[in-house]
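# Working through the structure, step by step
Now for the letters of each chain:
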Amino acid sequence: YQKILSSIQKPVIGEAGKTGTWSPLKPIIDLKVCIPAKSGKFACFNCWLYCPEAVITRTIPPKIDLTYCKGCGICMEECPVDAITMVEMKK
């Protein structure tokens, strides 16, 4: 008999504090191109799925909490229709 131990990890928004200032680049979603926003259906959500900080909502339309977004750009890379662009935010 062998016991297998596993870790279940769940990202927590704000675990590292307000990290929205870590990068000047922030993701902006073009809702005219975004699959869920355009179709009104719960489809795609790759941005939500792959966001390591869990700051993207799984709603129609998806929203990004820029207070905690670190600006990594993974959401942009995973979007199949290029609806997300990284934009430099001015302070």
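Further up the page is the structure itself.
Residues numbered from 1 in each chain as written. Predicted model: local features only at pLDDT ≥ 70, side-chain atom pairs only at ≥ 80, totals over all residues. Heavy atoms only, no water.

Note that the residue after Ile60, namely Pro61, is joined by a cis bond; omega there is -5 degrees. With respect to the element layout, Pro61 can be found in the loop between α2 (46-50) and α3 (74-78). For Cys44, which is not glycine, the phi torsion reads 70 degrees and is therefore positive. Positionally, Cys44 belongs in the loop between α1 (35-39) and α2. On the basis of relative accessibility, which here comes to 37%, the residue Cys44 falls in the partly exposed class. Positive phi values are uncommon outside glycine, yet Ala54 reaches one of about 55 degrees. Here Ala54 is to be found in the loop between α2 and α3. (Helix = DSSP H or I, 4+ residues; strand = E, 2+ residues; numbered from the N terminus. Buried < 20%, exposed > 50% of the residue type's maximum accessible area, 1.4 Å probe, protein only.)

Right, let's talk about the pattern of salt bridges for a bit. Enumeration over the complete set of coordinates arrives at one salt bridge. The shortest N-O distance in the salt bridge between Glu53 and Lys70 comes to 3.2 Å. One end of the pair, Glu53, is in the loop between α2 and α3; the other, Lys70, is in the loop between α2 and α3, and 17 residues separate them in sequence. Owing to a relative accessible area of 24%, Glu53 belongs among the partly exposed residues under this scheme. Accessibility expressed as a relative area gives 23% for Lys70, which makes it partly exposed. (Salt bridge = Lys/Arg side-chain N within 4 Å of Asp/Glu carboxyl O.)

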